Amino acid sequence: MSPWTHHLKNIDKDCPKPLTSASPLSEEQLNKIFNRYDTNGDGHLSWEELKSAYNILGMSFPGLRALKALCVADENRDGYISQKEFIKLMRKKYRK
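What comes next is a walk through the structure. Keep in mind the model is a prediction, meaning the values are calculated, not measured.

## Topic: the nonpolar core
Within soluble globular proteins, side chains that are nonpolar generally end up buried alongside one another.
Thought 1: In terms of nonpolar packing, the biggest core is built from 14 residues, with Leu30, Leu45, Leu50, Ile81 and Phe86 touching the most fellow members.
Thought 2: Among the elements of the structure, α2 (27-37), α3 (47-56), α4 (62-73) and α5 (83-95) are those that each provide at least two residues to this core.
Thought 3: The contact partners of isoleucine 81, leaving out residues within four places of it in the chain, are Phe34, Gly43, His44, Leu45, Leu50, Ala69, Leu70, Ala73, Asp74 and Phe86.

What follows is the structure, encoded as structure tokens:
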């Protein structure tokens, strides 16, 4: 047994557990997030807007992530993520 594991056994059992995943966002919050990255205001997220969003968030490979997001969320295959598709995707993500 390492010296630090002994200390872990003494942690108060009544302490709240850390959050393992983010809490679900309200529809208003999701709309604000969507609108922040819908830079041209057309009600859809294009590959370019998604790539920019991932870049702003500091994610690696923003172009590939944008492409994957389109493949997953673009249900009608028009090449864009609508606000409705975005909210549906986020709801599905937080349900897990």
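Now that the structure has been shown, we can carry on.
## Looking at the layout of surface pockets
Thought 1: Considered as a void within the structure, the largest pocket measures approximately 760 Å³ in volume.
Thought 2: Lining the largest pocket we find 24 residues, and of these Tyr54, Ala69, Leu89, Met90 and Lys93 sit closest to its centre.
Thought 3: At the level of secondary structure, the elements contributing two or more residues to the lining of the largest pocket comprise α2, α3, α4 and α5.
Thought 4: Top element by residues in the lining of the largest pocket is α5. It accounts for eight residues.

## Here we look at the packing of aromatic side chains
The description of an aromatic ring pair rests on the distance of the ring centres and on the angle between the ring planes.
Thought 1: Scanning the model with the defined rule gives one aromatic pair in all.
Thought 2: Geometrically, the ring pair formed by phenylalanine 34 and phenylalanine 86 is tilted, given 5.5 Å between the ring centres and 55 degrees between the ring planes. Linking phenylalanine 34 in helix α2 with phenylalanine 86 in helix α5, this pair joins segments that are 52 residues apart in sequence. The same class applies to phenylalanine 34 and to phenylalanine 86, which are both buried.

## A short note on the pattern of salt bridges
Thought 1: Under the defined criterion, the tally for this structure stands at two salt bridges.
Thought 2: Between glutamate 28 and lysine 32 there is a salt bridge whose closest N-O contact spans 3.5 Å. Residue glutamate 28 and its partner lysine 32 are both found in helix α2; the two are separated by four residues, about one turn of the helix. Both residues of the pair, glutamate 28 and lysine 32, count as exposed.
Thought 3: A salt bridge links lysine 88 to glutamate 75; its shortest N-O distance comes to 3.0 Å.

Rules used in this analysis
Residues numbered from 1 in each chain as written. Predicted model: local features only at pLDDT ≥ 70, side-chain atom pairs only at ≥ 80, totals over all residues. Heavy atoms only, no water. Core = buried A, V, L, I, M, F, W, Y, C linked by side-chain atoms within 4.5 Å. Buried < 20%, exposed > 50% of the residue type's maximum accessible area, 1.4 Å probe, protein only. Helix = DSSP H or I, 4+ residues; strand = E, 2+ residues; numbered from the N terminus. Contact = heavy atoms within 4.5 Å. 1 Å grid on protein atoms, 1.4 Å probe; cavity = no way out; pocket = protein on both sides within 12 Å on 5 of 7 lines; lining within 4 Å. Points joined across faces, edges and corners; volume = space filled by probe spheres on them. Phe/Tyr/Trp six-rings, centres within 6.5 Å; stacked < 30°, edge-to-face > 60°. Salt bridge = Lys/Arg side-chain N within 4 Å of Asp/Glu carboxyl O.

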